[in-house]
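One-letter residues, chain by chain:
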Amino acid sequence: MLPEKIFISGYAKLPKGITSTELYSVIAVGVLVNRYTGEVFEAEASLVTSVAKDFFRNHLVGKNLNNFDEIEKMFKENYFGSARKAIISALRTCYEKYEQIVAGVEDVE
């Protein structure tokens, strides 16, 4: 049996003119997920402020990647930082990778 916890990452280009872009140029998102249920155990993003990092983590941990529409809606309705579109894009990449993993696709990158 495969391990329950898997790590998935996603990246997206950040908009110009914000602090994160000056430091990173892309946003990196990482989630520790239950392979079998989609539950998010841990989450982190390469955001600059601790408030933004905490918001990201607190609003993902306990959520389920299988309900990605709810996650996307929550960020659209509640996160008003300049990196919002990049965060959603990077999370969508994580979700798509998760779907491939569940489907048994071999080389998920």
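Here is a short report on the structure shown in this document. Think of each chain on its own: its residues are numbered from 1, step by step along the sequence as written. Owing to the predicted nature of the model, reporting of local features is limited to residues with pLDDT of at least 70; listing and counting of side-chain atom pairs is limited to 80 or more, with chain, interface and lining totals taken over all residues. Side-chain figures throughout are based on the complete set of non-hydrogen atoms in the structure, without hydrogens or water.

Concerning helix H4 (residues 84–103)
Helix and strand assignments follow DSSP, with helices taken as H or I runs no shorter than four residues and strands as E runs no shorter than two, numbered in order from the N terminus. In a helix, the anticipated span is given by 1.5 Å times the number of residues less one. The terminal C-alpha atoms of H4, which comprises 20 residues, lie 29 Å apart, in line with the 28 Å expected from a rise of 1.5 Å per residue. Only heavy atoms matter for contacts: two residues are in contact if any of them lie within 4.5 Å across the pair. Packed against the buried residues of H4 are strand S1 (5–13), strand S2 (26–34), helix H2 (50–58) and helix H3 (68–78). Just beyond H4, the residue with positive phi is Gly104, at close to 85 degrees.

Structural notes on the sheet that holds S1
Within a sheet, adjacent strands bond to each other through the backbone by hydrogen bonds, running parallel or antiparallel. Paired strands are those between which DSSP finds at least two bridges. The antiparallel open sheet is built from three strands, whose spatial order is S1-S2-S3. Strands with a single pairing partner mark the edges of an open sheet, and in this sheet they are S1 and strand S3 (40–45). Sheet twist, expressed as the average angle between the axes of neighbouring strands with direction ignored, equals 15 degrees. The sheet contact formed by S2 and S3 spans five bridges and is antiparallel. Within S3, the residue paired with Val29 across the bridge is Ala45. In the packing of H2 onto the sheet, contacts are made with S2 and S3, and the angle to S3 comes to roughly 155 degrees. Note on definitions: angles span 0 to 180 degrees between N-to-C directions of axes, and those axes are lines fitted to C-alpha atoms, for helices only across the stretch in contact. H4 contacts S1 and S2 of the sheet and is inclined by roughly 140 degrees relative to S1.

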